[in-house]
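Spelled out from the first residue to the last, the chains are:
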Amino acid sequence: IASYGDGPKPLLNGQGKVDHVIRLENTSYWEIYDLEITNPAEQSGDRVGVLIRADQGMHRHFHLKNLYSWLSLF
């Protein structure tokens, strides 16, 4: 998952309505880069931009590069 072409990074905004904007669970071989991710929360730690979860077996190759994320509390 990445931006395409010139200009600002694509914005993925959970608007505080989801626990995580991107969720990778029990999977492997993902590359995510050149994106802006936000998910406003009432308290720090309530929401996340990217969640990687593995509850069974071994999973490999996660590359998260050049992501811009900001915390906005409301």
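Residues numbered from 1 in each chain as written. Predicted model: local features only at pLDDT ≥ 70, side-chain atom pairs only at ≥ 80, totals over all residues. Heavy atoms only, no water.

Peer 1: Got a minute to help me understand the overall build of the chain in this structure?
Peer 2: Helix and strand counts for the chain come out as zero helices and seven strands. Across its three principal axes, the chain shows a C-alpha extent of roughly 40 × 35 × 15 Å. For the chain, the proportion of contacts with a sequence separation of at least 24, taken over those separated by at least 6, is 78%. Here the chain has roughly 5,400 Å² of accessible surface; of this, 47% comes from carbon and sulfur atoms. (Helix = DSSP H or I, 4+ residues; strand = E, 2+ residues; numbered from the N terminus. Contact = heavy atoms within 4.5 Å. Areas by Shrake-Rupley, 256 points an atom, 1.4 Å probe, with all protein chains shown as cover.)

Peer 1: How do you make sense of the packing of aromatic side chains when you look at a structure like this?
Peer 2: Each aromatic ring pair is described using two quantities: the centre-to-centre distance and the angle formed by the ring planes. Throughout the structure, instances matching the rule amount to zero aromatic pairs. One residue, K65, lies across the ring of Y33, its end atom 5.3 Å from the ring centre. (Phe/Tyr/Trp six-rings, centres within 6.5 Å; stacked < 30°, edge-to-face > 60°. Lys NZ or Arg CZ within 6 Å of the ring centre and 35° of its normal.)

Peer 1: Even after reading the chapter, I still don't get the side chain of N39, so can you show me in this structure?
Peer 2: Position of N39 relative to the elements: it lies in the loop between β4 (36-38) and β5 (48-53). At 2.9 Å, the side chain of N39 and the backbone nitrogen of G16 are in polar contact. Here the side chain of N39 touches V48 through a polar contact of 3.4 Å, landing on its backbone oxygen. Residue contacts for N39: discarding those within four places in its chain leaves G14, Q15, G16, K17, V18, D19, H20, V21, R47 and V48. (Polar contact = N/O pair within 3.5 Å; in protein donor to acceptor, adjacent residues only side chain to side chain.)

Peer 1: Just to check I follow, could you spell out a nonpolar patch on the surface for this structure?
Peer 2: There is a patch of nonpolar side chains on the surface, built from I52, L64 and L67 and spanning about 220 Å² of accessible area. Looking at the secondary structure, you find L67 in the loop between β6 (62-65) and β7 (68-70). The partly exposed category is assigned to L67, whose relative accessible area is 31%. (Patch = residues over 30% accessible without salt bridge, like charges linked within 9 Å, V, L, I, M, F, W, Y side chains within 5 Å. Salt bridge = Lys/Arg side-chain N within 4 Å of Asp/Glu carboxyl O. Buried < 20%, exposed > 50% of the residue type's maximum accessible area, 1.4 Å probe, protein only.)

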